[in-house]
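# Descriptive analysis of the structure
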Amino acid sequence: MHYSYVSLALTWVLFLALFPLTFFWLRRAWRILIQNNYSEVALKRGEPPANPKKWAPFAGTINLVAGLFTLWTAFGVVALGYPYDKWSAMAGITIWGKIFADFILRQQAHPFVFGRKKKVAAAE
């Protein structure tokens, strides 16, 4: 099989990216599900939703599943010798699935409000 240098470099980038992705996603799942830290739940423009505790189980599950899938993929490459086609498909589907799932959760947690925004009276 003949690979160009660009293809080989991108393959290594994808493989090496699995490790920090796994770490960050499993750490985020740990913070949300175990430590009840809701500061990273469904952020939109850096702002949490009105009730982050409501969305925490979903965000934690998304991060846990994605982290476990990338962990299994990296393990499969190193220990089980998965072929390139198999592990790159697993990694790609997991990464894109995580991006789409986070987007859907963020859109649900921050609903779009039609009409003019009402001015909030200052608390006295």
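Residues numbered from 1 in each chain as written. Predicted model: local features only at pLDDT ≥ 70, side-chain atom pairs only at ≥ 80, totals over all residues. Heavy atoms only, no water.

### So, the overall build of the protein
Put simply, the rule reads: Numbering of helices and strands runs from the N terminus, with a helix taken as a DSSP run of H or I at least four residues long and a strand as a DSSP run of E at least two residues long. Here the radius of gyration uses the C-alpha set of atoms, whereas the globule reference equals 2.2 Å times the residue count to the power 0.38. Working definition: with a 1.4 Å probe on protein chains only, accessible area under 20% of the residue-type maximum means buried, over 50% means exposed, and in between means partly exposed. Computed with a 1.4 Å probe, the accessible areas rest on the Shrake-Rupley method; for each residue, only the protein chains presented here act as cover. Under the convention used here, Asp and Glu are negative, Lys and Arg are positive, and both His and the chain ends fall outside the count. Note that the charge is assigned to NZ on lysines, CZ on arginines, CG on aspartates and CD on glutamates.
Looking only at helices and strands, the protein has three helices and zero strands in total. Along the protein, helices and strands appear, N-terminal first, in the series α-α-α. For 124 residues, the compact-globule formula gives about 14 Å, and the C-alpha radius of gyration of the protein, at 19 Å, lies well above that figure. Referenced to the eigenvectors of the C-alpha coordinate spread, the extents of the protein come out at roughly 70 × 30 × 20 Å. Per-residue burial for the protein yields a buried fraction of 27% across its 124 residues. Counting only carbon and sulfur atoms, one obtains 68% of the accessible surface of the protein, whose full area is about 9300 Å². Of the side-chain charges in the protein, 14 are positive and 5 negative, and the distance between the mean point of each set is 5 Å.

### Notes on the pattern of salt bridges
The test is simple: When a carboxyl oxygen of Asp or Glu is within 4 Å of a side-chain nitrogen of Lys or Arg, the pair counts as a salt bridge.
In total, this model carries three salt bridges according to the counting rule given. The partner of Glu40 in a salt bridge is Arg31, with the nearest N and O atoms 3.3 Å apart. Under the relative-accessibility criterion, Arg31 is labelled partly exposed at 25%. The partner of Lys98 in a salt bridge is Asp102, with the nearest N and O atoms 2.3 Å apart.

### Some details on the nonpolar core
We apply this condition: Definition used in this section: a nonpolar core is a set of buried Ala, Val, Leu, Ile, Met, Phe, Trp, Tyr and Cys residues joined via side-chain atoms within 4.5 Å. It only takes one pair of heavy atoms within 4.5 Å for two residues to be counted as in contact.
With nine residues, the main nonpolar core is built from Ile32, Val41, Ala42, Trp55, Ala56, Ala59, Ile62, Leu105 and Ala109. Elements that contribute at least two residues to this core include exactly helix 2 (52–78) and helix 3 (84–109). By residue number, the principal contributor to this core is helix 2, which donates four residues. Excluding residues that lie within four positions of it along the chain, Leu105 makes contacts with Ala42, Trp55, Phe58, Ala59 and Ile62. Phe15, Ala74, Val77 and Trp87 belong to the second-largest nonpolar core, a separate cluster that totals seven residues.

### Remarks on the packing of helix 1 (residues 5–34) against helix 3
This is how the line gets drawn: The axes used here are C-alpha line fits, helices contributing only the stretch in contact, and every angle between their N-to-C directions lies in the interval 0 to 180 degrees. Throughout this description, any angle smaller than 35 degrees is read as roughly parallel, any larger than 145 degrees as roughly antiparallel, any in the 65 to 115 degree range as roughly perpendicular, and the remainder as oblique. Left-handed describes a crossing in which the near helix is turned anticlockwise from the far one by less than a right angle; the clockwise case is right-handed.
Contact geometry for helix 1 and helix 3: axes closest at 11 Å, N-to-C directions at 45 degrees. Accordingly, the angle class assigned to the pair helix 1 and helix 3 is oblique. Between helix 1 and helix 3 lies a crossing whose hand is left-handed. Across the interface between the two elements, Thr11, Leu14, Phe15, Leu18, Leu21, Trp25 and Arg28 of helix 1 pack against Tyr84, Trp87, Ser88, Ala91, Thr94, Ile95 and Lys98 of helix 3.

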